[in-house]
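A look at the structure
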Amino acid sequence: MTHGSLPTPTLHTARLRLRPFVDADANDLFMLHSSARVLRYWDAPPWSERARAERFITACRQMAEEGTGARPAVDRLSDGAFIGWCGLTGWNADYRRASLGYCFDDAAWGHGYATEAAHALLRWAFDTLELNRVQAATDTRNVASARVLEKLGFVREGTLREDCIVNGEVSDSWVYGLIKRDWRPSSEPASAR
């Protein structure tokens, strides 16, 4: 795969649709990222102005144009509601690797949506982009996020001590990696019911 544009895919799962962000998503995106509860373990404080959402959507388009990543919005099929996003960033064509990230509305927590969305994006990454490695990091206190990564087959590879300081609070991060040969694409994750 050569450097160049990498159109954000539209992917479907049993309960979700992953699709490129559109300008109309700005309000929902701002609601998501301005929630202190949603961003409790995030590496940056909650957003305070709506312009941040517009910049985020622009950045998603730039990543697609530059071929450095894909960050689709995630809608629930049952009601069409925007519930969050899932992304692969820092895509390196030479090393065939990228970093996974996701953010979901707290009302959508506990239903396996993050696992389901990430599984679809990983399948696309390993099959279409021929990635060899995907990595992810999470705050060591974020048990739910660690569980999502482990359900997807990620292996905890180490701890970054005092990796982030947000609002004066120092935190450690766990680093996870998933190698293509360890990826199980055929089975949907057990939690995706």
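Residues numbered from 1 in each chain as written. Predicted model: local features only at pLDDT ≥ 70, side-chain atom pairs only at ≥ 80, totals over all residues. Heavy atoms only, no water.

**What to know about the confidence of the model for the protein**
As a reminder of what qualifies: A score between 0 and 100, pLDDT records how confident the predictor is in each residue. Only heavy atoms matter for contacts: two residues are in contact if any of them lie within 4.5 Å across the pair.
Looking at the protein as a whole, its pLDDT mean stands at 92, while 94% of the residues score no less than 70. Contacts from residues 189–193, a stretch scored under 50 in pLDDT, to residues over four places away or in other chains number nine contacts.

**Observations concerning the packing of aromatic side chains**
Condition: Any two rings among Phe, Tyr and Trp, with Trp reduced to its six-membered ring, count as a pair given centres within 6.5 Å; such a pair is stacked if its planes are under 30 degrees apart, edge-to-face if over 60, and tilted if neither. Strands are runs of DSSP state E lasting at least 2 residues, helices are runs of H or I lasting at least 4, and numbering of each runs from the N terminus. Only protein chains enter the accessibility calculation, which uses a 1.4 Å probe; a residue whose area is less than 20% of its type maximum is buried, one above 50% is exposed, and one in between is partly exposed. We count a charge as sitting over a ring when the NZ of a lysine or the CZ of an arginine lies within 6 Å of the ring centre and within 35 degrees of the ring normal.
Taken as a whole and judged by the stated rule, the model has six aromatic pairs. Centre to centre, the rings of Trp42 and Trp85 are 6.1 Å apart; their planes meet at 90°, and the pair counts as edge-to-face. One end of the pair, Trp42, is in the loop between helix H1 (26–33) and helix H2 (51–66); the other, Trp85, is in strand E4 (residues 82–92), and 43 residues separate them in sequence. For the pair Phe56 and Trp85, a centre-to-centre distance of 5.4 Å together with 50° between the ring planes defines the contact as tilted. Taken together, the positions of Phe56 in helix H2 and Trp85 in strand E4 put the pair 29 residues apart, joining distant regions of the chain. When sorted by exposure, Phe56 lands in the same class as Trp85, which is buried. Taken together, the aromatic side chains of Phe21, Trp42, Trp47, Phe56, Phe82 and Trp85 make up a single cluster linked through ring pairs. A cation over a ring is seen here: Arg71 above Phe56, with NZ or CZ 4.0 Å from the ring centre. Across from the ring centre of Trp85, 5.5 Å away, lies the NZ or CZ of Arg71, which sits over that ring.

**Re unusual backbone geometry**
Non-glycine residue Arg96 carries a positive phi angle of around 55°. Note on placement: Arg96 falls in the loop between E4 and strand E5 (97–104). With a phi close to 55°, Glu130 is a non-glycine residue in the positive phi region. Here Glu130 shows up in the loop between helix H3 (113–127) and strand E6 (133–139).

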